[in-house]
Amino acid sequence: MMWSGILTVLHPITLQYSFFSFLVCRFLVGICEGLLNISITEISSQWTPKNEKSKLTAISNTGLNIALTIVHGVSAFVAHNWGWQMIFYVTGGILLITSSVCFILIKNRPSDDKRISKDELMYIQERTLTSPKKQVKHPYRKIISSPAVWALLVNKFAMITVLTFIGTFLPMYVKDLTNKDIKEVGIISSIPNTVNVFMLPICGILLDYGKSISISETLMHKILIGGSLILTGILFASAAMISNFMVSIVCFLLIQTFQCIGGMVTHVILISIAPNSSSIIAGLTTFITALSSIGTRHTMAFMTTNHTLEEWNYCLLLTSVISLLGSVLFILWGSSETQPWSITSSDDQDDQKTQTDTKVTK
């Protein structure tokens with residue numbers, strides 16, 4: 001995070017020298033963000049009690065929506081009044097401040113944090129799914145061949161396609177649809193994220209409460225993720241066919257809400273199916289995220305060279321199809337249960353070794 005902040009501040013400076021140096025800077029920021037996502041997932045798996053996974057994931061994801069709300073709402077205003085360079089200085093400065101706080105407060109494991117009480121430490125350790133061993137042997141072959149992992153990757157690809165359109169192309173789409181000023185477009189584009197700041201914690205609490213109902217966690221998550229992608233596909237198609245400003249805003253408001261709920265559940269699954277290998281699976285999802293984001297940006301830019309309404313409608317329909325395909329594949333292959341290969345590769349082997357050593361000693 002610290003290096004992302006430094007590199008972000010350097011963006012305008014590198015562009016003064018050459019466009020190539022600017023691209024190198026962007027590339028390095030991407031590497032830092034990828035490592036950050038993996039680190040967050042690993043720390044989450046160590047700190048999150050299994051009975052509070054949804055609630056804590058929702059609260060942590062709320063920070064993302066607060067950031068997106070501020071960026072969408074303020075960036076256009078900042079660029080209009082002080083130039084686009086100031087956007088990089090402000091966001092980079094925020095990253096540097098945040099990283100300083102993280103260095104002080106964040107610990108890898110609860111046992112490394114001296115500020116928590118013994119009761120709290122015991123509570124977390126008794127309810128987390130990770131192995132107490134600090135070194136875990138990861139079953140790479142089984143991870144890559146697991147249908148549950150592939151379902152997660154396909155779901156992530158579909159979700160990032162949708163979120164890339166909203167984050168990158170929604171302001172341009174609204175501008176071409178309405179011919180509004182760039183400041184108004186920025187404020188309009190921030191509305192979906194603003195709503196999710198309040199919706200996500202509520203959904204997380206309800207999802208944890210819903211575990212008391214006699215329904216499997218896998219089925220519940222399939223309903224939420226599959227349903228969110230299906231509804232997202234329908235809403236994208238509706239926005240394309242109606243092409244009305246107010247209808248589009250309502251559609252994207254609902255889409256962002258569904259995607260945030262789906263994203264929250266996806267993170268819960270990520271730390272559930274293989275708690276001891278969550279960082280490895282997070283690395284795979286980060287790769288898929290980058291692939292989907294790059295592909296979506298290039299494809300949408302190619303499809304909207306003239307910024308006509310017809311071109312935008314084709315983009316909306318393409319995103320709709322990807323969402324629907326993602327939902328079908330996740331419903332077929334998805335799982336939220338801890339995979340047998342994850343348990344066998346870490347906890348069971350350690351337990352068996354401990355039992356064997358005990359017998360030999362006796």
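Cut-offs applied
- Residues numbered from 1 in each chain as written.
- Predicted model: local features only at pLDDT ≥ 70, side-chain atom pairs only at ≥ 80, totals over all residues.
- Heavy atoms only, no water.
- Helix = DSSP H or I, 4+ residues; strand = E, 2+ residues; numbered from the N terminus.
- Buried < 20%, exposed > 50% of the residue type's maximum accessible area, 1.4 Å probe, protein only.
- Contact = heavy atoms within 4.5 Å.
- Areas by Shrake-Rupley, 256 points an atom, 1.4 Å probe, with all protein chains shown as cover.
- Expected span 1.5 Å × (residues − 1).
- Salt bridge = Lys/Arg side-chain N within 4 Å of Asp/Glu carboxyl O.
- Phe/Tyr/Trp six-rings, centres within 6.5 Å; stacked < 30°, edge-to-face > 60°.
- Polar contact = N/O pair within 3.5 Å; in protein donor to acceptor, adjacent residues only side chain to side chain.
- Axes fitted to C-alpha atoms, helices over the stretch in contact; angles between N-to-C directions.
- Left-handed = near helix turned anticlockwise from the far one by under 90°.
- Nonpolar A, V, L, I, M, F, W, Y, C, P; charged D, E, K, R; others polar.

Q: Kindly report on the overall build of the chain, identifying the contributing residues and their values.
A: If you tally the helices and strands in the chain, you get 14 helices and zero strands. In sequence order, the secondary structure elements of the chain are arranged as α-α-α-α-α-α-α-α-α-α-α-α-α-α. Going through the 362 residues of the chain one by one, you find that 42% of them count as buried. Considering only contacts in the chain between residues 6 or more positions apart, those separated by 24 or more positions represent 83%. Carbon together with sulfur atoms contributes 69% to the accessible area of the chain, which is approximately 19,000 Å² in total.

Q: Quick rundown of helix 10 (residues 217–242)? Include the residues and the values.
A: Its 26 residues place the ends of helix 10 37 Å apart at the C-alpha level, agreeing with the 38 Å of an ideal helix rising 1.5 Å per residue. In the segment just after helix 10, Ser 243 is the residue with positive phi, at about 55°.

Q: Just give me the short version of the pattern of salt bridges, but keep the residues and values in it.
A: Between side chains of opposite charge, a pair can form as their charged atoms come close. Within this structure, the stated rule accounts for one salt bridge. The salt bridge involving Arg 115 is made with Asp 113; its shortest N-O contact spans 3.7 Å. Assessed through its relative accessible area of 10%, Asp 113 is described here as buried.

Q: Describe the packing of aromatic side chains, listing the residues and the values that go with them.
A: Going through the model one piece at a time under the given rule, you end up with eleven aromatic pairs. With centroids separated by 5.9 Å and ring planes inclined at 90°, the aromatic side chains of Trp 84 and Phe 88 adopt a geometry described as edge-to-face. The class for Phe 88 is buried, based on a relative accessible area of 17%. Each ring, one from Phe 169 and one from Trp 312, has its centre 6.3 Å from the other, and the planes form 65°; the classification is edge-to-face. On the criterion of sequence distance, the pair formed by Phe 169 in helix 7 (residues 147–178) and Trp 312 in helix 13 (residues 309–333) is long-range, its members being 143 residues apart. There is no split in this pair, since Phe 169 and Trp 312 are both buried. By way of ring pairs, the aromatic residues Phe 165, Phe 169, Tyr 173, Phe 236, Phe 252 and Trp 312 are connected into one cluster.

Q: Lay out the side chain of Asp 113 in plain terms, naming residues and giving numbers.
A: Turning to its location among the elements, Asp 113 is positioned in the loop between helix 4 (85–105) and helix 5 (118–127). Of note is the side chain of Asp 113, whose polar atom sits 2.9 Å from the backbone nitrogen of Arg 115. For Asp 113, the residues in contact, after removing those within four places along its chain, are Trp 47, Leu 105 and Lys 107.

Q: Pulling in residues and values, what's your account of the packing of helix 2 (residues 19–47) against helix 12 (residues 278–303)?
A: Orientation of helix 2 relative to helix 12, taken along the N-to-C sense of each, is 150°, at an axis distance of 8 Å. As for the relative orientation of helix 2 and helix 12, their crossing is right-handed in sense. Mapping the contact onto sequence places Gly 34, Asn 37, Ile 38, Thr 41, Glu 42 and Ser 45 in helix 2 and Ser 278, Ser 279, Ala 282, Gly 283 and Thr 286 in helix 12. For the contact of helix 2 with helix 12, the residue count by class is two nonpolar, eight polar and one charged.

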